[in-house]
Amino acid sequence: MSQTDDVEDSSAPLIEHLAELRTRLIRAVGAFIVGIILAFVVAEPILEFLLAPIENTLRDLGDPNPTLQYTSPQEYLFTLFRISMVFGFILAFPVIAYQLWRFVAPGLYKKEKNAFLPFLIASPAMFLLGASFAQFVVTPLAMSFFLGFADISSIFTGLLSTVAGNIPAGEVAKEVATDSSGVRITFFGKVNESLDITLKFIIAFGLCFQLPVLLTLMGKAGLVSADGLGAVRKYAMVGILLLAALVTPPDVITQLILFTVVYGLYEISIFLVRRVETKRDEKLREEGYFDDDEEEFDDPLMKEFEEEDDK
């Protein structure tokens with residue numbers, strides 16, 4: 001057999017892998033496009049759901065008809081398309097993950113498959129949990145803090161001016177208490193900017209809730225240990241405090257909530273890594289790699305050398 005034949009034989013598996021990768025990518029992209037289309041159909045209800053914290057906060061502050069605006073003709077359409085992209089990916093993620101799994105699984109051993117598959121399921125579940133926490137807990141607190149500075153009486157003035165029609169401006173002004181102390185600053189929110197804040201919270205907390213999954217996977221790979229994570233606990237606390245200060249508004253309550261949740265996830269990660277190490281040690285004992293008694297590691301000869309050094 002010539003050298004050219006050897007090269008062609010060795011390249012055949014690579015070509016097969018590339019062809020399979022192309023097939024998996026086409027299916028994943030197709031699922032993503034279908035997800036975008038399905039999400040675009042219900043994009044407006046999704047937008048209303050995401051902006052509900054702002055609406056509820058404005059109603060609590062006394063605004064009977066909360067209103068958001070857009071200032072360019074294409075802005076609202078692009079906002080809906082942005083929602084379709086995000087939620088289309090969420091809808092298509094099971095198919096994308098399955099295609100990834102089908103491509104990677106043939107190259108893994110059985111024990112590696114059993115180790116990797118739970119994390120593939122746990123990761124989106126923890127992201128949804130973090131996103132739900134952001135939507136129902138963090139975002140309402142943040143909106144209450146930010147919009148607490150809004151001048152609601154001037155919002156009323158704008159609303160009455162809008163619906164009053166031909167009523168003279170003087171009559172409209174009588175409906176709202178006047179104040180000559182200075183210029184009033186009023187909240188007239190834009191749709192895309194308000195949505196941007198909500199999505200940032202959702203993505204940030206969704207990623208923060210990946211901490212147990214990431215550290216447990218690193219523990220399985222032997223990159224981190226429970227004792228090592230426990231030893232740097234004080235540095236982790238400082239890092240979490242800085243994270244809370246960066247991704248939350250300057251509100252002590254919101255920052256404490258984020259710190260408590262993320263630090264709790266860190267402690268859960270230590271517990272999970274310790275469980276992984278315990279199971280790994282038990283398996284090694286069963287296979288006879290080392291004994292249970294730690295006293296057997298105490299070498300008498302080493303003690304004699306230590307005693308001589310002390311003398």
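Quick notes on the rules
- Residues numbered from 1 in each chain as written.
- Predicted model: local features only at pLDDT ≥ 70, side-chain atom pairs only at ≥ 80, totals over all residues.
- Heavy atoms only, no water.
- Helix = DSSP H or I, 4+ residues; strand = E, 2+ residues; numbered from the N terminus.
- Buried < 20%, exposed > 50% of the residue type's maximum accessible area, 1.4 Å probe, protein only.
- Contact = heavy atoms within 4.5 Å.
- Axes fitted to C-alpha atoms, helices over the stretch in contact; angles between N-to-C directions.
- Parallel < 35°, antiparallel > 145°, perpendicular 65-115°, else oblique.
- Nonpolar A, V, L, I, M, F, W, Y, C, P; charged D, E, K, R; others polar.
- Patch = residues over 30% accessible without salt bridge, like charges linked within 9 Å, V, L, I, M, F, W, Y side chains within 5 Å.
- Areas by Shrake-Rupley, 256 points an atom, 1.4 Å probe, with all protein chains shown as cover.
- Salt bridge = Lys/Arg side-chain N within 4 Å of Asp/Glu carboxyl O.
- Lys, Arg positive; Asp, Glu negative; His and termini not counted.
- Charge placed at Lys NZ, Arg CZ, Asp CG, Glu CD.
- Core = buried A, V, L, I, M, F, W, Y, C linked by side-chain atoms within 4.5 Å.
- Phe/Tyr/Trp six-rings, centres within 6.5 Å; stacked < 30°, edge-to-face > 60°.
- Expected span 1.5 Å × (residues − 1).
- Bend = angle between axes of the 7 residues up to and from the residue.
- Polar contact = N/O pair within 3.5 Å; in protein donor to acceptor, adjacent residues only side chain to side chain.

Some details on the overall build of the protein chain
- Counting its regular elements, the protein chain contains 13 helices and zero strands.
- If you list the helices and strands of the protein chain from N to C, you get α-α-α-α-α-α-α-α-α-α-α-α-α.
- For the protein chain, buried positions account for 28% of its 311 residues.
- If you take every contact in the protein chain between residues at least 6 apart in sequence, the share linking residues at least 24 apart comes to 81%.

Section: the packing of helix α2 (residues 43-50) against helix α4 (residues 75-104)
- Two elements in contact, α2 and α4, have axes separated by 9 Å at closest approach and are oriented at 90 degrees. The pairing of α2 with α4 is recorded here as roughly perpendicular in orientation. Contact residues: α2 offers A43, E44, I46, L47 and L50, while α4 offers Y76, T79, L80, I83, S84 and F87.
- Partitioning the contact of α2 with α4 into residue classes produces eight nonpolar, two polar and one charged.

Quick word on a positive patch on the surface
- Taken together, the side chains of K220, R275, K279, R280 and K283 define a basic patch exposed on the protein surface.
- Look at K279 and you get exposed, because its relative accessible area is 51%.

Points about the nonpolar core
- Counting 42 residues, the largest nonpolar core has L47, F205, L229 and Y266 as its most contacted members.
- Among all residues touching Y266, those that are not within four sequence positions of it are L211, L215, L229, V232, R233, A236 and I240.

Some remarks on the packing of aromatic side chains
- A full pass over the atoms with the stated rule returns eight aromatic pairs.
- Look at F32 and F89: their rings are 6.3 Å apart centre to centre, the planes differ by 80 degrees, and that puts the pair in the edge-to-face class. Of this pair, F32 sits in helix α1 (residues 3-41) while F89 sits in helix α4, and the two are 57 residues apart along the sequence.
- Measuring from centroid to centroid gives 5.7 Å for Y70 and Y76, while their planes differ by 25 degrees, and the two rings are stacked.
- Owing to a relative accessible area of 27%, Y76 belongs among the partly exposed residues under this scheme.
- Ring-pair connections join several aromatic residues into one group, and the members of that group are F32, F89 and F93.

Some thoughts on α4
- Taking 1.5 Å per residue, 30 residues should reach 44 Å; α4 reaches 41 Å between its end C-alpha atoms and fits that length.
- Approximately 50 degrees is the largest bend angle found in α4, and it occurs at A92, with the proline P94 only one to four residues beyond.
- Those residues of α4 lying buried are E75, T79, L80, I83, S84, G88, A92, A97, Q99 and W101.

Considerations on the side chain of R24
- Within the secondary structure layout, R24 lies in helix α1.
- One polar contact links R24 to Q99, side chain to side chain, over a distance of 3.0 Å.
- Not counting the four nearest positions on each side in its chain, R24 is found in contact with Q99, R102 and F103.

Remember that the coordinates give geometry; whether it matters functionally is a separate question.
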